[in-house]
Amino acid sequence: MFFLSRQTVGRHRSLYAGSFVALAVGVFLLGLAATATAATIAYHGPASASISVTTLGGDGTAPQNVKVPLSDADVSGLQTVLSMVGTISGFITVFVIASTFAFAVASRRREYGLLRLIGATPRQIRRMVLGEAVAVALAASLTGAIAAQLATPLLLRKASYTELAPVKLEPASPWVPLAIAVGAGLLVAMLGARSAARRAGRVGPIDALREASLEPPRIGPVRVVFGLLFLAGAITMLTLIRPSSGEGAVPLAMFTPMVMVIALTLLAPLVVPLVGRVWAVPLVAWTQVSGRLARSNVLAAPRRSASLAAPILAISAIAGSMVLSLSFAADSAAATIRDAVRAPIVVTGAAPVDRAGVKAVDAGVPLQVVRVAADYAELEDAEGIDPVIASQTRDLTVRSGDLGELTGNTVAVSKEMAGFEGYRVGAEVPVVFPDRKPVKLRVVAIVKDAFGVNPSFLIPLELAREHAPQARTERSFVLPADGVAPADLVQRIPGAQLATDWEADQAEGLRKGNRLGLVMLLGPAALYSAIAIANTLLMGSLQRRHEFVTSRLLGATPAQLRRMVLWESSLVGAVALSLGAAITITVGVLVRHSMTSGVADVPITVPWGILLGIGGLCLTLAVGSALAPTAYLLRVVAGQNAIQQGQ
Amino acid sequence: MTATAPTYPYTAPAGPPALLLDSITKTYRSKAGAVDALRGVTYHFARGSFTAVMGPSGSGKSTLLQCAAGLDHPTTGTVVLNGVTLLGLNEVELTKLRRAEMGFVFQAYNLLPSLTVYDNVALPLRLTGRRPARNDVQRVLEQVGLEGKAKRRPAELSGGQQQRVAIARALITRPSVFFADEPTGALDSGTSRQILGLLREATDRVGQTVVMVTHDPVAAAYAERVLFLSDGLLAGHLDRATPAQIAAAMSDLER
Ligand SMILES: Nc1ncnc2c1ncn2[C@@H]1O[C@H](COP(=O)(O)OP(=O)(O)OP(=O)(O)O)[C@@H](O)[C@H]1O
Ligand SMILES: [Mg+2]
C-alpha cells in the first residue's frame, strides 16, 4: 500500500501541507528545546562556581557526591523553562496532528469507499493512511530537525547571560537530542494518525456511491468514554487548585487546561453543535440566508467543525489560563509583600544606621546555602537577620518555637518549607555554606510565609557574616525614630524609598518576569497554534471547491458565499473561544481563590488587553484563513465559467 | 408489455446461475421513517447473460444492485454468487470475493484522481498483492481503446474516456460478474455505444455476466433481457427487445 500512499500524498498536497507544516514546526520546537537542554547539560562551569557535597543517604539510598552549581553558574532555570516549552509544544503537536489527520480522512471518505469497492480490505486502507502519515512525518520531522539545528546557536546566544542562564552556553552534540525530536515527531504522527486510520478502515464500499462528505453523525462510544475520563481527570485537577496547594497552583493552572482541552476535543462532536446552536441564534436573527447556511454547515458536519475548532480551543484555553493565573499570582504576591513589610522605608543596599531620625535598620545579609537531604542537595536562599530588629520591620509572626533563640548554629524556617520537608522545632538541617563549611543548623522557630520579603531560611546575622564574608546587604528596612515622618526621612537617605513605592516596584518586577516567562513558554506554542488554525481552515476551504461551484451554478453570488464562509468561520471561532474562555475563567477563579485565602485586600488585575488580544487574534486568523482560499476559489470558478461561456 | 409473464418469481433461464437473489427485501430506516426499497425480489442471473434493470426513479434499482453485489446487506433474503452465500461472509472475505469475482462501473466517481490511468487500471491487481504485468494492463487499455492515454490522470480525460478506464479496471481481474449502475448516464449517445459495446463483448467473448441498471431504452436494448422493477418488486421482463419496445414498456410501468 505504500505505493498508493506515495501517490496520494502527492495529490492531496493541500491536505498534507497542513500536517507537514504542523509537524515540522512541532519537531522544530521540540528539537530546539532538546538541543538547548543538551547544551545546558553539557555546560560545566568553573570549579569555583559549584560546591561538592555528599548526600546523607539512608532510606535505601547510598550517600553520593553531587555538585551543586552556585547561582551565578546555575542553568537549571533555563532547563525548567525548556522542559515546559517542550511539554507545551509536544502537547500542541499531538493535538494538531491528530486533528489534521482526522480532517484529511474525513474529507476523503469517497476515495476510501472507492478503494474498498475495487477490493481493498479495511486493513489495507488503514495501512495506506498510516503509510501516508509515515511519509509526511518522515519528511516533516527531518525538516524540523534540520531547522532546529540551524537555529540552536541563535537561541543559545539569546539565552546566554540571562537570568535563566547566567553563563555562556555552547551548542552540544546535536545527534541525541535531534534523534529524540525526530523520534517524538514520528511517534506523535503515528499516534495522531492511528485513530484517523481506524476511522478510514471503517468506511464501507457503499460510501463510494453515497454523498460521501456527509459523515455519520454519531461518535464512537470509545471516544465518549475517553472524553468523559479526561473530563473527570480535569475536574479532579481543578479541585486540587485550592489554598493548600500553595505554589503547586501555577503548574496545575498550566496542565489542567491541557487535560480539559483533550476532554472537550474528544467530546467536541457533541459539544460544538450544542454551543454552536446558541451562537447561531443571533447570527440567524441578524443575517439573511448566509447566516442560516453557515449554521447548517457547522451543525451538519460536527466532526469537521470540531477539527476546525480544536486548535483555537487549545491555544485560547492554555494561553488564557496561564496569562490570567500568572496575573493573579502576581496580585497575591504583591499583597503578600505589602503585608509582610512593616517598616515605612526601604533602602536599596545598606542604610546608614547613625543618621539622625533613624531608630533601627534591618540590614539582612542574603546568601545561598546548599541544603543537604537524604538523596539530593539543593541551593536555597537564606538571609542573615537580627531577629530583634527584623521582627519590628517585617512580618515574622512565629508559628511555633522562639525567634529569640536565633543565635549560633540555628535557623528559622518558613511555614511552607517546614511543611514540605517536615521540619519541626528542634530538628536539624544540614547545610554547606558558601565557604564550603558544613554546619548542622537547629530549627528554633517556624515563621509565617512572606514570599518576596523573607526567604525560606533565616539564620543569625553573625553566622551569615562568618560564612559568607562577601555577601552584601541588598535592601534594608528602616524604622524612623519616634516623631520623624517617613516622608521627610526618605529625602535624607540615599537610595531610600517609601515602603509603598518599593512594594509597587517589586510587584512590577514580578509582572515583568512573568511576561518574559509567558513569552518564552507561550510564544512558540502560540506561533504553532496560529499555523495550525490557519492550516485547518485553509485545508477546509480548499476542499470545498465542488460545493462552491455548485452553489455558484445555483445562483449564489460570490458575495453571498464569502459571507457564508465568514459567518461559518466566525461561528466555529466563537464556539471554540467561548469554551476556551470558560476554561480560562474557571481556572482563573480557582487559582485566585487558592492564592488569596488568608490575605486581605488583594488587588485584581485582569490583563484584558492580552486576553482580548488572544481572542481577537484567533478569530482574525480563523476568519482570514477561511476567507482567503474562498476568494481564491471563487476567482478560479469565475474564470472557468467565463471560459465555458466563451466556447 | 409483450411476451411478459406478469407473475414472479421468475424461473431461471437456461444455464447455471452466476448470481442468485432469493426473496431479497431492503428497508432503509432513518429519522424520517422507514422506506421499503425492495419488497421481495427473487431472480437468477444466468452465467454469461447480459441483463438490464429498468424502472422508474426510486423503484429500487440501485438498491438491488448494491444488495446483489454485497455492498449493502439486504434486510432479509439471501444472495448467492457462484455458489457462495454472501450473508455468511465477514468484511474481509466479502472484499476478497469482490475483488476476485466482481467488477464495478458507476455513473461517476469511478477513478482515483491521484493515480494515472495505468495505475488506476492496475490497482485491483496491486490490492491483491500481485505485481501487475505491463502487458496485461496495456492489453485491457487497448481493448477499451485507450492505448495512448496510460500516463494521463482522470482529470485530463473526457467523461467517456473515464468510463472506459473504469471498464478496463473491471476487466483486468477477469471478474465473473460485472455490475454497472447507469454507466452511460452522463454520456452522449456515441460514447454510450462504445461503452455498451464493451460490456456486450465481455459477455459474448469471455462469458462474463453483466447486470446493468439504466434509464435509457437504447442502452437496455444491448442486453439480451430487460428486467423491470417497480416499487421494489419485479414487474416483468422483455427478451431481445428493441429500444422502442422497451420505451413502450417503461411508459406503461410509469403510468
Ligand atoms: N441510504 C438510503 N437511506 C434511506 N433511503 C434510501 C437510501 N437509499 C435509497 N433510499 C430510498 O430507497 C428507494 C429506492 O432507491 P434507489 O436508489 O434504489 O432507487 P433507484 O431505482 O436507483 O432510483 P434512480 O433511478 O433515481 O437512481 C428510494 O425511495 C430511496 O429514497
Ligand atoms: Mg439509482
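Residue indices follow the written sequence of each chain, beginning from 1 at its first position. Lettering for chains starts from A, numbering for ligands starts from 1, and both go in the order in which the items are written. Whole-chain, interface and lining totals are the exception, using all residues; otherwise, since this is a predicted model, local features are given only for residues with pLDDT of at least 70 and side-chain atom pairs are given and counted only at 80 or more. Excluded from the side-chain calculations are hydrogens and water; all other atoms, namely the structure's heavy atoms, are used.

If you look chain B up in an unreviewed UniProt entry, it shows as ABC transport system ATP-binding protein from Kribbella pratensis.

In the nomenclature of an unreviewed UniProt entry, chain A corresponds to ABC transport system permease protein from the organism Kribbella pratensis. In the Subcellular location (unreviewed entry) part of its UniProt record, chain A is described as follows: "Cell membrane". You can read under Sequence similarities (unreviewed entry) in the UniProt record for chain A the words "Belongs to the ABC-4 integral membrane protein family." UniProt positions are given in the numbering used here, feature names are shortened, and annotations may be inferred rather than shown by experiment.

A. Structural context of the sheet that holds strand β8 (residues 209–213) of chain B. All names here are of chain B. The 6 strands are arranged β6-β7-β8-β3-β9-β10 in an open sheet whose pairing can be described as mixed. Single-partner strands in this sheet number two, and they are β6 (102–106) and β10 (233–239). Within this sheet the neighbouring strands show an average axis-to-axis angle of 20 degrees, counted without direction. Here, a strand pair is defined by DSSP locating no fewer than two bridges between the strands. Every helix listed is a DSSP run of H or I at least four residues long, and every strand listed is a run of E at least two residues long, numbered separately from the N terminus. Relative to β8, strand β3 (residues 50–54) runs parallel, the two sharing 4 bridges. Residue pairing across strands places T51 opposite V211, the latter belonging to β8. Every residue pair with non-hydrogen atoms within 4.5 Å of one another is taken to be in contact. Under this scheme, a helix contributes an axis fitted over its contacting stretch, all axes are lines through C-alpha atoms, and angles between N-to-C directions fall in the 0 to 180 degree range. Each of β6 and β7 (177–181) is contacted by helix α5 (residues 159–172), which is oriented at about 175 degrees to β6, the strand it contacts most.

B. Summary view of the side chain of A:R116. By the element assignment, A:R116 lies in helix α4 (residues 109–117). Counted as a polar contact is a pair of N or O atoms within 3.5 Å, where, for protein atoms, one must be capable of donating a hydrogen and the other of accepting one, and residues adjacent in sequence contribute only when both atoms are in side chains. Polar contacts involving the side chain of A:R116 include one to the main-chain carbonyl oxygen of A:V203, which spans 3.3 Å. Discounting residues that sit within four places of it in the chain, A:R116 has contacts with A:T121, A:P122, A:I125, A:V203, A:G204, A:P205, B:E91, B:T95 and B:R98.

C. Structural context of helix α6 (residues 175–201) of chain A. Expected span of a helix, by definition, is 1.5 Å for each gap between consecutive residues, and there is one gap fewer than residues. Look at α6(A): 37 Å from first C-alpha to last across 27 residues, which is about the 39 Å you get at 1.5 Å a residue. Across the chain, bend at a residue is computed as the angle between axes fitted to the seven residues ending at that point and the seven starting from it. At A:R194, α6(A) shows its maximal kink, close to 30 degrees.

D. Representation of the site of ligand 1 in the model. Surrounding ligand 1, one finds 14 residues, the nearest of these being B:S57, B:K61, B:S62, B:T63 and B:H215. Any residue with a heavy atom lying within 4 Å of a molecule or strand is counted as near it. More than one chain reaches ligand 1: its neighbouring residues belong to chains A and B. A distance of 2.5 Å separates an oxygen atom of ligand 1 from a polar atom in the side chain of B:S57. B:S59 has a polar backbone atom sitting 3.3 Å from an oxygen atom of ligand 1. The protein chains hide 65% of the 630 Å² of surface that ligand 1 would expose on its own. Considering each element in turn, the shell around ligand 1 owes the most residues, 3 residues, to helix α1 (residues 61–68) of chain B. The accessible surface values rely on the Shrake-Rupley method and a 1.4 Å probe; as for residues, cover is taken only from the protein chains in view.

E. Representation of the pattern of salt bridges within the structure. Residue and element names in this part refer to chain A. The working definition used for a salt bridge is a side-chain nitrogen of Lys or Arg within 4 Å of a carboxyl oxygen of Asp or Glu. Per the stated rule, a full pass over the model turns up 20 salt bridges over all chains. The salt bridge involving R394 is made with D362; its shortest N-O contact spans 2.7 Å. With a gap of 32 residues between them, R394 in the loop between α12 (387–393) and β7 (398–401) and D362 in strand β4 (residues 358–362) connect regions that are remote in the sequence. The burial state of R394 is the same as that of D362; both residues are buried. A salt bridge links K437 to D435, with the shortest nitrogen-to-oxygen separation between them at 4.0 Å. On the basis of relative accessible area, K437 is assigned to the partly exposed category, the value being 47%. To sort residues, take the accessible area from a 1.4 Å probe on protein chains only and compare it with the maximum for the residue type: under 20% means buried, over 50% means exposed, and anything in between is partly exposed.

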